[in-house]
Amino acid sequence: MCAALTRVLAPRKLYGEVVDGLASAARDFKAGHPLDTATTLGALITSRQFDRVSELVNAGIAEGAQLAAGGGRPSGIDKGWFFAPTVLFNVDNGMRVAREEIFGPVVVVIPYEDEPEAISIANDSPFGLHGAVFSEDEDRAIGVAERIRTGTCAINGFGVLVSAPFGGVKSSGWGREGGPESILEYTEVKTLIANGNRSGRRES
C-alpha cells in the first residue's frame, strides 16, 4: 500500500537482531489463493509490477545489498504474480531500492549510529507520506516523529486513522483526506479588505 513502511532504520548495535527478526517474520507469510483462509500474502496486480519489483530488488543487490529473505517467487508457486516477502540488508540510503516507491512486499534495512543520523536518513527521501517511530520511551518517540517530514507518523505501531487527516509532503501528494481538514479541500478563501486594511473579513 502507499503508506507501507518500506525503509526500516535500525540502530547499528541492534542491526543484526532487527534484520533476523524481519527475515523470520517474512518467512512466516503464506502465499496462495485469496479465498484460502490460510493465505496471508496475495499476488501483485500485474506482470508489469512483478517485473518492476524484481528489477528494483536486483538493482539493490547489484549495488551491494544482501538478501535476508525472499528475493523472487515464493517456493512452490509458479503461477500468478506472487513475490515472496523480501528483506534486504547492508542497504545504503542512496540505493535505488531505498529511494523509489516499490509497491511490493519488500523492506530495506538501513543502519544508523545515533538519533540525529536516523532523522537525517528518514528525511533524505523524495517522499513523505507515512512513517513510524518505535521506542520504549514514548515521549522520545514523539519528539523524533515531530522532526520527521511525513504527513502522518505512527508511534510504536502502524496504522492510518480514517477520522484523522491523511496526506503527504514532498512528492507524496497535496492536501488531506479524512477529518475536518479534508473539507477545506472543497473551500476557497476570499479576503475582503476595507477602510485601508483597518478591518477585515474572511469567507470560505
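Higher on the page you've got the structure.
Owing to the predicted nature of the structure, the values given are computational and were not obtained by experimental measurement.

Caption draft 1: Molecular detail of the pairing of strand S4 (residues 106-112). Buried residues dominate S4, accounting for seven of its seven residues. The alternating pattern of S4 places Val106, Val108, Ile110 and Tyr112 and Val107, Val109 and Pro111 on opposite faces, both of which are buried. Pairing between strand S1 (residues 7-11) and S4: five bridges, direction parallel. Bridging from a neighbouring strand, leucine 9 pairs with isoleucine 110 of S4. Across three bridges, the pairing between strand S3 (residues 86-89) and S4 is parallel.

Caption draft 2: Fine view of a nonpolar patch on the surface. Among the surface-exposed residues, Met1, Leu5, Phe134, Phe158 and Val160 lie close enough to one another that they form a single nonpolar patch of about 500 Å² accessible area. The residue phenylalanine 134 is located in the loop between strand S6 (130-133) and helix H5 (138-147) in this model.

Caption draft 3: Examining unusual backbone geometry more closely. Residues other than glycine seldom take positive phi values, yet asparagine 156 does so here, at roughly 55°. Structurally, asparagine 156 can be placed in the loop between strand S7 (152-155) and strand S8 (169-170). Unusually for a residue other than glycine, lysine 170 sits at a positive phi of about 55°. Here lysine 170 shows up in strand S8. Residue classification places lysine 170 among the partly exposed residues on the basis of a relative accessible area of 31%.

About the cut-offs
Residues numbered from 1 in each chain as written. Predicted model: local features only at pLDDT ≥ 70, side-chain atom pairs only at ≥ 80, totals over all residues. Heavy atoms only, no water. Buried < 20%, exposed > 50% of the residue type's maximum accessible area, 1.4 Å probe, protein only. Helix = DSSP H or I, 4+ residues; strand = E, 2+ residues; numbered from the N terminus. Pairing = 2+ DSSP bridges. Patch = residues over 30% accessible without salt bridge, like charges linked within 9 Å, V, L, I, M, F, W, Y side chains within 5 Å. Areas by Shrake-Rupley, 256 points an atom, 1.4 Å probe, with all protein chains shown as cover. Salt bridge = Lys/Arg side-chain N within 4 Å of Asp/Glu carboxyl O.

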